[in-house]
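# Coordinate inspection notes
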Amino acid sequence: ELRFTTMKVVLLVLALCIALVAAEPVLVSKKSAYSTVGSEPSIGNPVVFSVDVFNIGDSDAFDVSINDRWNPEQLELTTGSVGASVASIPAGGKVTHSYVMTPTSAGFLDVRRAAVDYKPCENCQQQLSVSTSINGIRVYETADSTTVGTGSHFREWIIFLTLCFVTVAAPA
């Protein structure tokens, strides 16, 4: 009978440990950007960056801090702050942090992942989560951003139609 009771205690402790592990916050973050002027980013025109942090876990996350990183040679902070803190994010909750940066040079942006630090419980150690990355954001010269997708195609069509006309007219 003592052995049966010991087995019950061991199983109860094991079940409690599993329940505690299963009830943890899980933070997933998504980083996004969009140009405020035109469809493509260009030098001197602001770009809004946002970091959305979702708690897809079963319990609240505490002491959440968002710290974004960027290349200071390519971007200048215009509005807001690249870092933010919130006391907690409830299970199933979402927090969005946005700020505005202005590109200072043309070319492809070196956009880095944002770091999200949080505690799974109030007395636990900090854990780290990182956001999704944004690849391939091209910053155009101011004059180039208005002709993206129009100027070069117009010339290509003129060349194509001229070659078609020569091909059709030459045999006649």
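The coordinates are above.
Report on the accompanying structure.

Calculation criteria
Residues numbered from 1 in each chain as written. Predicted model: local features only at pLDDT ≥ 70, side-chain atom pairs only at ≥ 80, totals over all residues. Heavy atoms only, no water. Salt bridge = Lys/Arg side-chain N within 4 Å of Asp/Glu carboxyl O. Helix = DSSP H or I, 4+ residues; strand = E, 2+ residues; numbered from the N terminus. Buried < 20%, exposed > 50% of the residue type's maximum accessible area, 1.4 Å probe, protein only. Pairing = 2+ DSSP bridges. Axes fitted to C-alpha atoms, helices over the stretch in contact; angles between N-to-C directions. Patch = residues over 30% accessible without salt bridge, like charges linked within 9 Å, V, L, I, M, F, W, Y side chains within 5 Å. Areas by Shrake-Rupley, 256 points an atom, 1.4 Å probe, with all protein chains shown as cover. Disulfide = S-S within 2.5 Å. Phe/Tyr/Trp six-rings, centres within 6.5 Å; stacked < 30°, edge-to-face > 60°. Polar contact = N/O pair within 3.5 Å; in protein donor to acceptor, adjacent residues only side chain to side chain. Contact = heavy atoms within 4.5 Å.

Enumeration over the complete set of coordinates arrives at four salt bridges. In this structure, the salt-bridge partner of Asp52 is Lys30, at a minimum N-O distance of 3.9 Å. On the criterion of sequence distance, the pair formed by Asp52 in strand β2 (residues 47-55) and Lys30 in strand β1 (residues 27-35) is long-range, its members being 22 residues apart. Since its relative accessible area comes to 40%, Lys30 is described here as partly exposed.

In spatial order, the strands read β5-β3-β8-β9; together these four strands make up an open sheet with antiparallel pairing. Each edge of the open sheet carries a strand with a single partner, namely β5 (83-89) and β9 (127-130). Each neighbouring strand pair of the sheet contributes to a mean axis angle of 20°, computed without reference to strand direction. Both strand β8 (residues 115-119) and β9 contribute to a ladder of four bridges, which runs antiparallel. Bridge assignment links Asp117 to a residue of β9, and that residue is Leu128.

The grouping of Val26, Val28, Phe54 and Ile56 at the surface amounts to a nonpolar patch, some 320 Å² of accessible area in total. For Val26, the position within the fold is in the loop between α1 (2-22) and β1.

The final tally for this structure, using the stated rule, is one disulfide. One disulfide in the model links Cys121 with Cys124; its S-S distance is 1.7 Å. On the S-S bond that ties Cys121 to Cys124, the torsion sits near 85°, and the link is right-handed. Overall, Cys121 belongs to the partly exposed group, its relative accessible area being 28%.

A few words now on unusual backbone geometry. In the Ramachandran plot, Asp63 falls in the positive-phi region, its phi being about 50° despite a non-glycine side chain. Inspection of the secondary structure puts Asp63 in strand β3 (residues 61-67).

Turning to the packing of aromatic side chains, a few remarks are in order. Counted under the stated rule, the structure contains two aromatic pairs. Judged by centre distance (5.9 Å) and plane angle (15°), the ring pair of Phe49 and Tyr99 falls under stacked. On the criterion of sequence distance, the pair formed by Phe49 in strand β2 and Tyr99 in strand β6 (residues 94-103) is long-range, its members being 50 residues apart. Phe49 gets classed as buried once you look at its relative accessible area, which sits at 2%. An angle of 90° between the planes, with centres 5.6 Å apart, marks the rings of Trp157 and Phe160 as edge-to-face. Within this pair, Trp157 and its partner Phe160 are both found in helix α3 (residues 151-169), separated by three residues, close to a single helical turn.

To continue, consider the environment of Asp68. Its place among the elements puts Asp68 in the loop between β3 and β4 (75-79). A residue is classified by how much of its surface remains accessible, and Asp68, at 7% relative accessible area, is buried. Considering only alpha carbons, one finds Asp68 and Phe49, 19 residues apart in sequence, at a separation of 9.7 Å. Within the local environment of Asp68, its side chain forms a polar contact with the side chain of Lys31, the two groups lying 2.7 Å apart.

As a further point, take the side chain of Gln74. Within the secondary structure, Gln74 sits in the loop between β3 and β4. We classify Gln74 as buried; its relative accessible area is 13%. There is a polar contact of 2.9 Å between the side chain of Gln74 and the backbone oxygen of Phe108. If sequence neighbours within four positions are ignored, Gln74 has contacts with Thr102, Pro103, Thr104, Ser105, Phe108, Leu109 and Asp110.

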